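Breakdown of the fold
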Amino acid sequence: MAIKVEDLGQVDFEEEIRTRTSQVFIPSWFTVGLHTAMVTIHLAQDENIDCLGSWVSAKDQNLVCDDSDADQKVNLGRLLLQALFESGRFSTNPGHKFFSIPGHTPVYITGEQGGKTMYRFLVRDAVGEAERSCLSEAIPQWVFEQIMEEYNQPPKFVKILFFLTPHSMNGGKSLKRERLFANDFISMRKVMEHVLEKMDEENPQSTTGSVISSGTDAPAEEKVRLYCLDTLLSPDMDLRTVKHFYWKGPGDLVLTYSILKPERLSL
């Protein structure tokens, strides 16, 4: 069943798709299989897949309202695990409230080696005392750490090492090549803001500094341009998206920046 949510009138279909499509890379945090004669979502923490390696913006994933000011980061694997075991009351935490799992959903807990099923249950059955006792013995430690309030161990953020250096088109005195280490989900806008802060710190009285200071209320993307291999980057892109879609090759990611001149700032 579908309903119309918006009437666009006469528009170019392909152009509308491009306008509404954003390029975002989210690390694989689950696999899909059919070995149980039904579609199966497999969650694990091993050399092949990291269930807890996917931090995203709650707003970008439509988990919070669009007019929310806070850019809350959530871990998709952690949210799913908490939703799967919420009815089991393994935690006094009332739940994350982002989404719930239908009670008829079957869950299989397998061993770390060989994939042998250790326990299986329906989400709604996890509330029983007998099931809770069995689950306590079968659930892996890394899962316990995400669903039990007393552990309070959210997954660690994934970090990316990258270099920030002036673009060849950047005239005047610029920052030196800088080695940075940041969360993989930080936006290019944050990197632009970092460039402006460093320029103000190192060249407070310079011509470049006065350019940056002009139009103080203007957003960073109106003062700085960021590039990866000479491709202009959107301020809304994050580090991992840039590394996956544009850098691609081996070695540490390199971003270059240029400072917009006053005549370009006024455009």
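Just so you know, these numbers come straight off a predicted model, no measurement behind them.

Core analysis: the largest hydrophobic core is formed by 27 residues, its most contacted members being L81, F85, F121, L135 and I139. The element best represented in this core is helix α2 (residues 76-84), accounting for 5 residues. Residues contacting F121, with those up to four places away along its chain left out, are F85, T105, P106, V107, I109, A126 and L135. The next biggest cluster of nonpolar side chains, apart from the first, holds 26 residues, and it includes F162, A220, V224 and M237.

On to unusual backbone geometry. Although it is not a glycine, L229 adopts a positive phi angle of roughly 55 degrees. Relative to the assigned elements, L229 resides in the loop between β9 (224-228) and β10 (231-232). By relative accessible area, which is 54% here, L229 ends up exposed. Positive phi values are uncommon outside glycine, yet K248 reaches one of about 60 degrees. Tracing the sequence through the fold places K248 in the loop between α7 (239-247) and β11 (253-259).

This part covers a negative patch on the surface. Taken together, the side chains of E197, D200, E201 and E202 define an acidic patch exposed on the protein surface. Relative to the helices and strands, D200 resides in helix α5 (residues 188-202). Here D200 falls in the partly exposed class, since its relative accessible area comes to 33%.

We now examine the pattern of salt bridges. Counting across every chain of the model gives 7 salt bridges. Residues R18 and E15 are paired through a salt bridge, measuring 2.8 Å at the closest nitrogen-oxygen approach. Taken as a pair, R18 and E15 lie in helix α1 (residues 13-20) at a separation of 3 residues, close to a single helical turn. Residue class for E15 comes out partly exposed when judged on its relative accessible area of 39%. One salt bridge in this structure joins R189 and E221, with 3.2 Å as the shortest N-O distance. Placement of the pair is R189 in helix α5 and E221 in the loop between α6 (207-213) and β9, with a sequence separation of 32 residues. Accessibility expressed as a relative area gives 25% for R189, which makes it partly exposed. One salt-bridge network, in which partners are shared between bridges, spans E6, E16 and R20.

What follows deals with the sheet that holds strand β8 (residues 178-183). Within the open sheet, the 5 strands sit side by side as β8-β7-β11-β9-β10. Their pairing is mixed. Two strands bound the open sheet, and with one partner strand each, they are β8 and β10. Relative to β10, β9 is paired through 2 bridges, and the arrangement is antiparallel. Looking across to β10, one finds that C228 is bridged to T231.

A word on the packing of aromatic side chains. Per the counting criterion, the structure on display carries 6 aromatic pairs. Arranged with centres 5.1 Å apart and planes meeting at 85 degrees, the rings of F157 and F185 form a pair that is edge-to-face. With F157 in the loop between α4 (141-147) and β7 (159-166) and F185 in the loop between β8 and α5, this pair connects stretches of sequence that are 28 residues apart. On the basis of relative accessibility, which here comes to 11%, the residue F185 falls in the buried class.

It is worth spelling out a nonpolar patch on the surface at this point. On the surface, F30, V32, L34, V39 and I41 cluster together into a nonpolar patch covering about 490 Å² of accessible area. When you line up the elements, L34 lands in the loop between β1 (31-33) and β2 (40-42). For L34, a relative accessible area of 63% gives the class exposed.

This paragraph deals with the pairing of β7. Regular strands have side chains that alternate between both faces of the sheet. Most of β7 is tucked away, with 6 of its 8 residues classed as buried. Where β7 and β8 come together, 6 bridges link them in antiparallel fashion. Residue F162 lies in a different strand from β8, and its bridge partner there is L180. Relative to β11, β7 is paired through 5 bridges, and the arrangement is parallel. Bridged to L164 within β11 is L255.

Moving on: the pairing of β9. Along β9, 4 of the 5 residues are buried, which leaves the element largely enclosed by surrounding structure. Pairing between β9 and β11: 4 bridges, direction antiparallel. Across the sheet, the residue bridging to V224 is I259, located in β11. The antiparallel pairing of β9 with β10 creates a hairpin that spans 2 residues between the two strands, and L229 there sits at a positive phi of about 55 degrees.

Rules and cut-offs
Residues numbered from 1 in each chain as written. Predicted model: local features only at pLDDT ≥ 70, side-chain atom pairs only at ≥ 80, totals over all residues. Heavy atoms only, no water. Core = buried A, V, L, I, M, F, W, Y, C linked by side-chain atoms within 4.5 Å. Buried < 20%, exposed > 50% of the residue type's maximum accessible area, 1.4 Å probe, protein only. Helix = DSSP H or I, 4+ residues; strand = E, 2+ residues; numbered from the N terminus. Contact = heavy atoms within 4.5 Å. Patch = residues over 30% accessible without salt bridge, like charges linked within 9 Å, V, L, I, M, F, W, Y side chains within 5 Å. Areas by Shrake-Rupley, 256 points an atom, 1.4 Å probe, with all protein chains shown as cover. Salt bridge = Lys/Arg side-chain N within 4 Å of Asp/Glu carboxyl O. Lys, Arg positive; Asp, Glu negative; His and termini not counted. Charge placed at Lys NZ, Arg CZ, Asp CG, Glu CD. Pairing = 2+ DSSP bridges. Phe/Tyr/Trp six-rings, centres within 6.5 Å; stacked < 30°, edge-to-face > 60°.

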